[in-house]
Amino acid sequence: MPSSSVSPLTLPFSSSSSSLFAAFELSQLGNGDNACSLPPDRRNVGSTSHGRRRRVVAATSVSTSSLPPFKFFEPPKVVESPFPLELEPADPDFYRIGYARSVRAYGVEFREGPDGFGVYASKDVDPLRRARVIMEIPLELMLTISQKHPWMFFPDIVPVGHPIFDIINSTKPETDWDHRLACLLLHAFDVEDNFWQLYGDFLPSSEECTSLLLAHKDDLLELQDHVLASKLEEQQKCAIEFWEQHWHSAAPLKIKRLARDVERFLWALSIVQSRAFNMKIRVGALVQDANMLVPYADMLNHSFQPNCFLHWRYKDRMLEVLINAGQRIKKGEEMTINYMSGQKNNIFMERYGFSSPSNPWDVINFTSNAKIHLDSYLSAFNISGLPEEFYHNTILSSGGDKNFVDGAVIAAARTLPTWSDGDVPPVPSIERRSARELQEDCYQLLADFQTTLEQDQQILDANPDASRTREASIKYRLHRKLFLKKVIQALEIYQESILF
Amino acid sequence: MTSFSHSWLFQDQFVRRLRSDDCGVYGKLCRRKFHVYQKQFVGVCTSSKQSVYIGSNRGLQKQGKTFYTVNCTKERDFDPSSIEPPPYSSYMDSTSGQLEPASGARASIPGREYWPEGTASRVAAARAPEPVGKSDGKPSYGRSPGSRRRKYKGQATTSEVTETNGDMSNQPVLVTSESDDNADGPIDPSDEYVIYQTEPEPEEENMSQYELDKAMGRPHPFIDPAINKPIEEPHSSEDLWWNWRKPEKEQWSRWQRRRPDVDTVFAKAMAETGQIKLFGDYPTKTEAALARARRHIFKEERLQEEQRRLEEVGPIAYYSEWVKSWDRDTSREAIQRHYEETGEDEFTQLITMFEHQTAEEYRIMMGTDIRIKRDPLAMRMREDLIKEIWGGDPVYPTINYIQDPNEVIDFRGPDFHEPTPNMLSYLMEHGKIISREDLEKILANEKQQELEITDMDEALASAVDIGDDDDDDDDDDDDDDEESEGEEDKEDDEVEEEITRNWSVLKSTPQLRKSKKEKPKKKDAMSLEEAIDDSENITDFLMDFDEEE
């Protein structure tokens, strides 16, 4: 398909979509028709993210607003309010409870949209030589458990001899970190005057949560990925068993009141899975890997091209969120971090409950043994770097493909079967043929899905009241199809622009 | 600063003015004016003060009324100029190069780039503005997480929650406890709640008063008085005195060793050269102090003796020792006679005598003759001993840098409590001390011998250094007895050379010495050589000598 055909395909989406970013992106779309080629995905992403919790926003905006290397969009030229209308400022108490406990946020504000919380820059930040702190959160507000066996809690809210410790201690040390942290979270809700009693009100409730632990069986079927579905089912079963084992009728009240029903436990588990960080922290002289729930920092959404990162400041035991050194931030831009790198969408789906059509690490299993020439493919899209860190080189590209190349094209560069043999140039006709074969493969994969891309989109638009998990799972398969579509388009362009 | 204080003073005046004013106009306008003027006062100057008076003169009767109700006890005739102004209210700070207030925060805070690491962030954290705004939600305290979020899905689903509750078991419901109860009827309440015992515990009867108090939360001592064991009283100082135990001897730290001091080293050196004897291999503090005192006293005594002799025989007789060619009579009578004959007084005669003195004799007299061996102990000490005092370098001493000559020795070692032998009887039986009667006897004997044994050369050689105050050792100090200091010294050295090896044996077995001593004692006057032979070192020599005198 020529690139010109792309935009008609995508335009309907962008116009019809009513996602959270509508206002935001419309302003961007004004830049030109080329810009439209991506937004459709974005749209979809956005709506997908609805299904998720706040994280959703991350996935979406990630690709939208903060992709400096790709330069998908020109930065929005909105003067009056950089924030889309749906994004309302967070509850003042949300700030206040943290402010009183010496949480600080500099130059950022929390906003709440239909997809949940996000962190946005409230002023322009010029590129700085050194990373710049935008948030600091003291250790006292977090919930942490050491990853390895001597279970240590900072702050230690588990009293000596409390039965919750026996439960934590009974988990499998290698795998069940989420169960441990969920127990700790539930316990924190029960401890008087604990910060999480206040902060919990701002966590997504179980309806808002997109984690597939809370998903129905039919929601899992909607994934159209039976491997992932069975894995998630397994996880759910595990969690329920865990709850039944420890929250039996003879359990002490101290324990029982933490999670009276299994839903509460599943909710805690999904909260933990979707917002915990694993970090190496240093407390005093003790350095340890810890699973931690960090208030406020967990409101940061995910991006594959993040503009922030987390840093443990041991001097005063604070977790600080820093802007990447040398990163220019515009007012209203979303602050994002990278949750996991090098993972496929299904892993993101399993843990966080969101997916992205432009995950640069996504993989397609091609069945044909056709191969394309790697260097030609890279040069066609101005991709530079080694396979581990492919990036779109905006200096090389004169703007034509600026709006086309995204994470998916980079993912294709990694996942397409390629050959490369020194200086040997590809034979154009053979290249074209193999590209066409690979396209066929992709079409085949698309055809294997029970629904088409358009159908999925229709389903999503038709029932906006569907639960978050259902939305998330529909979006997952939608993103998969979008990814395949994108690869087909990329191969199309590649056939046209092979160098002779 | 200044401007502030002025404004206060003016306000004060103003207020007084207001109080005393009776005439005026009522009105809000004036009151407002009053406020205006009050504001004006802050940046004050004399002219504005003037205008204020005018303004206040008009009216403010009402205000005045309120002022009367104020119970203010300020003196009427307070003169503001009676307050002494500070000498200066600001000064030029050389650090900042700016005018800084003289009171308040004196030191100017350096600029941000000079702050230590991390300070800027702390300041930023402290300056962060408190969030504003009022939230209408209420915290649920962990009961219903997510309750303060804006519900997007929630709103839609809340209505259907009740309906879908039945079929959608997977949909988690977070509701309050009563609806919980409604939903799950079969749950046994006793299963859910702990049922507390309402009856008083039977054990409560058995509880002691203390336990009861504690259980009821009534005031009670911290420790159960039944169990409480009183703390043993600390020993009285009397008990401590009698129960004192000698600490163990062993030295477990380098800091416990004795500081090397000059006295100890000299005592050691004196012992090595046989001048004193020690009762151990290392001088105790007492021994060291005694050796030092002895050195000092001997020198003092000798000097006194010289002086006494000088006064007794007259300067011409005294100094004629060092003028060999002066063969005239030097007795006082002869001098007197000479004076009567020629009219030359004693001083002139002395000068005449010194005119006959050779240069060599002069050098000897002044103690500057290098041919006369003068070896102070410090020069003869072994290298390691010297180093022990000064670290080997007298110019830049590396150890014992600070030496306090007046340091009082602390005799209270670990053996402080050991019974002390009766020193007097100890010395008496060892022949170190004699009674007064014995001394008189000896002195009476000595008087007769005095003039016989004068040996000019020897006396000259050693009596030279009168008045020069080197007291580093008594080895080269000479006794003032004119008899034979130099000889004694020399002999002493010889003796020392003979006996050095086993002098301590002689010390420890006094019988050997006794037997030696007995013989000369028989004679009433012991010759000097015998005395020297008899004594192993200078101490003994002197002791013996005393006895003989």
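As shown above, the structure is provided for reference.
The model shown is predicted, which means the values in this text are computed figures rather than measured ones.

Cut-off values and rules
- Residues numbered from 1 in each chain as written.
- Chains lettered and ligands numbered in written order.
- Predicted model: local features only at pLDDT ≥ 70, side-chain atom pairs only at ≥ 80, totals over all residues.
- Heavy atoms only, no water.
- Contact = heavy atoms within 4.5 Å.
- Salt bridge = Lys/Arg side-chain N within 4 Å of Asp/Glu carboxyl O.
- Polar contact = N/O pair within 3.5 Å; in protein donor to acceptor, adjacent residues only side chain to side chain.
- Helix = DSSP H or I, 4+ residues; strand = E, 2+ residues; numbered from the N terminus.
- Nonpolar A, V, L, I, M, F, W, Y, C, P; charged D, E, K, R; others polar.
- Pairing = 2+ DSSP bridges.
- Axes fitted to C-alpha atoms, helices over the stretch in contact; angles between N-to-C directions.
- Patch = residues over 30% accessible without salt bridge, like charges linked within 9 Å, V, L, I, M, F, W, Y side chains within 5 Å.
- Areas by Shrake-Rupley, 256 points an atom, 1.4 Å probe, with all protein chains shown as cover.
- Buried < 20%, exposed > 50% of the residue type's maximum accessible area, 1.4 Å probe, protein only.
- Phe/Tyr/Trp six-rings, centres within 6.5 Å; stacked < 30°, edge-to-face > 60°.
- Core = buried A, V, L, I, M, F, W, Y, C linked by side-chain atoms within 4.5 Å.

Visitor: Residues and numbers for the interface of chain B and chain A, please.
Guide: Across the contact, 44 residues belong to chain B and 51 residues belong to chain A. At the junction of chain B with chain A, the criterion picks out three salt bridges. Between Arg150 of chain B and Glu112 of chain A there is a salt bridge, and its shortest N-O distance comes to 2.7 Å. Our enumeration of links across chain B and chain A arrives at 19 residue pairs in polar contact (both at pLDDT 80 or more). For the side of chain B that touches chain A, the secondary-structure elements that each account for two or more residues are helix 5 (119-127), helix 6 (153-167) and helix 8 (189-192) of chain B. Looking at the side of chain B that touches chain A element by element, the count peaks at four residues for helix 6 of chain B. Of the residues belonging to the side of chain B that touches chain A, the class tally is 16 nonpolar, 15 polar and 13 charged.

Visitor: Tell me about the sheet that holds strand 7 (residues 153-154) of chain A, residues and numbers included.
Guide: All names here are of chain A. Spatially, the four strands line up as an open sheet ordered 7-6-9-8, and their pairing is antiparallel. Each edge of the sheet is formed by a strand with only one pairing partner; in this case those strands are strand 7 and strand 8 (276-283). Two elements, strand 8 and strand 9 (residues 286-293), share eight bridges in a ladder whose sense is antiparallel. Considered in strand 9, the bridge of Ile281 is made with Gln288. Sheet strands in contact with helix 12 (residues 262-275) are strand 8 and strand 9, and its direction is about 70° off that of strand 8.

Visitor: Can you lay out a nonpolar patch on the surface for me, pointing to particular residues and giving the numbers?
Guide: A surface patch of nonpolar side chains, about 260 Å² in accessible area, is lined by Leu424, Met428 and Ile433 of chain B. With respect to the element layout, Ile433 of chain B can be found in the loop between helix 19 (423-429) and helix 20 (436-449).

Visitor: Explain helix 15 (residues 407-415) of chain A to me, and be specific about the residues and the numbers.
Guide: Residue and element names in this part refer to chain A. For helix 15, a buried count of eight out of nine residues is recorded, marking the element as mostly surrounded by other parts of the structure. For helix 15, the set of buried residues is Gly407, Ala408, Val409, Ile410, Ala411, Ala412, Ala413 and Thr415. Against helix 14 (374-380), strand 15 (383-384), strand 16 (391-392) and helix 18 (468-496) lie the buried residues of helix 15. The backbone nitrogen of Ala408 has a side-chain oxygen 3.0 Å away, supplied by the residue at the start of helix 15, namely Asp406.

Visitor: I'd like a description of the pattern of salt bridges, backed by residues and values.
Guide: All names here are of chain A. In total, this model carries 30 salt bridges over all chains according to the counting rule given. A salt bridge links Arg96 to Asp93; its shortest N-O distance comes to 2.9 Å. Residue Arg96 and its partner Asp93 are both found in helix 5 (residues 92-99); the two are separated by three residues, about one turn of the helix. A relative accessible area of 26% places Arg96 in the partly exposed class. A relative accessible area of 14% places Asp93 in the buried class. Note that Lys481 and Asp456 form a salt bridge whose closest N and O atoms lie 2.4 Å from each other.

Visitor: Before we move on, could you go through the pairing of strand 5 (residues 132-138) of chain A and cite the residues and values that matter?
Guide: Residues and elements named next belong to chain A. Where burial is concerned, most of strand 5 is hidden: five out of the seven residues are buried. As paired strands, strand 2 (residues 104-105) and strand 5 are joined by two bridges and run antiparallel to one another. Bridge assignment links Arg104 to a residue of strand 5, and that residue is Glu136. Where strand 5 and strand 12 (residues 318-323) come together, six bridges link them in antiparallel fashion.

Visitor: Can you lay out the sheet that holds strand 2 of chain A for me, pointing to particular residues and giving the numbers?
Guide: Strand pairing in a sheet relies on backbone hydrogen bonds. The paired strands run either parallel or antiparallel. All names here are of chain A. One open sheet holds the four strands; their spatial order is 2-5-12-11, and the pairing between them is antiparallel. Edge positions in the sheet fall to strand 2 and strand 11 (308-313), since each of these pairs with one other strand and no more. The pairing of strand 11 with strand 12 spans six bridges and is classified as antiparallel. Each residue of the ladder has a partner; that of Trp312, found in strand 12, is Leu319.

Visitor: Help me get a handle on the pairing of strand 2 (residues 98-101) of chain B, residues and values and all.
Guide: Residue and element names in this part refer to chain B. Here four bridges tie strand 1 (residues 90-93) to strand 2, and the two strands are oriented antiparallel to one another. Within the sheet, the bridge partner assigned to Ser90 lies in strand 2 and is Pro101. Where strand 1 hands over to strand 2, the hairpin turn is made up of four residues, of which Gly97 adopts a positive phi near 70°.

Visitor: Explain the packing of aromatic side chains residue by residue, including any values.
Guide: Residues and elements named next belong to chain A. Tallied over the entire structure, the rule returns 29 aromatic pairs over all chains. Judged by centre distance (5.1 Å) and plane angle (75°), the ring pair of Phe94 and Phe110 falls under edge-to-face. Of this pair, Phe94 sits in helix 5 while Phe110 sits in strand 3 (residues 108-113), and the two are 16 residues apart along the sequence. An angle of 65° between the planes, with centres 6.1 Å apart, marks the rings of Tyr339 and Phe354 as edge-to-face. Taken together, the positions of Tyr339 in the loop between strand 13 (336-337) and helix 13 (345-351) and Phe354 in the loop between helix 13 and strand 14 (372-373) put the pair 15 residues apart, joining distant regions of the chain. Look at Tyr339 and you get buried, because its relative accessible area is 12%.

Visitor: So what's going on with the environment of Glu211 of chain B? Residues and values would help.
Guide: Residues and elements named next belong to chain B. Tracing the chain through its elements places Glu211 in helix 10 (residues 209-216). Glu211 sits in the partly exposed class, given a relative accessible area of 38%. Here the alpha-carbon distance between Glu211 and Asp224, two residues 13 residues apart in the chain, equals 7.9 Å.

Visitor: Could you give an account of the nonpolar core, naming the residues involved and the relevant values?
Guide: Residue and element names in this part refer to chain A. In terms of nonpolar packing, the biggest core is built from 88 residues, with Trp196, Trp247, Phe265, Tyr296 and Met335 touching the most fellow members. It is helix 7 (residues 177-190) that provides the largest number of residues to this core, a total of nine residues. Those residues in contact with Trp247 that sit more than four places away from it in its chain are Ile167, Cys183, Phe242, Ile255, Lys256, Leu258, Ala259 and Phe265. In this structure, Leu378, Phe381, Phe404 and Val487 belong to the second largest nonpolar core, which totals 34 residues.

Visitor: Break down unusual backbone geometry for me, citing the residues and quoting the values.
Guide: All names here are of chain A. Omega for the bond connecting Phe154 with Pro155 falls within 30 degrees of zero, at -10°, which places this linkage in the cis form. The topology assignment puts Pro155 in the loop between strand 7 and helix 6 (163-169). A positive phi angle is found at Arg317, which is not glycine, with a value near 55°. By secondary structure assignment, the location of Arg317 is in the loop between strand 11 and strand 12.

Visitor: Any chance you could break down the environment of Pro426 of chain A for me, citing the residues and the numbers?
Guide: The topology assignment puts Pro426 of chain A in the loop between strand 17 (418-419) and helix 16 (428-448). Put simply, Pro426 of chain A and Ser376 of chain A are 50 residues apart on the chain and 7.9 Å apart in space, counted from C-alpha to C-alpha.

Visitor: A description of the environment of Met152 of chain A should follow, citing residues and the corresponding values.
Guide: Residue and element names in this part refer to chain A. With respect to the element layout, Met152 can be found in the loop between strand 6 (143-146) and strand 7. The class of Met152 is partly exposed, set by a relative accessible area of 28%. Counting along the chain gives 138 residues from Met152 to Ala290, while the straight-line C-alpha distance between them is 8.8 Å. When residues no more than four places from it in sequence are discounted, the contact partners of Met152 are Thr144, Ile145, Ser146, Leu286 and Gln288.

Visitor: I'd like to hear about the side chain of Asn345 of chain A, residue by residue, with values.
Guide: Residues and elements named next belong to chain A. Relative to the helices and strands, Asn345 resides in helix 13. The exposure class of Asn345 is buried, given its relative accessible area of 4%. Aside from chain neighbours lying at most four places away, what touches Asn345 is Phe354, Ser355, Ser356, Asn359, Asp362, Tyr476 and His479.

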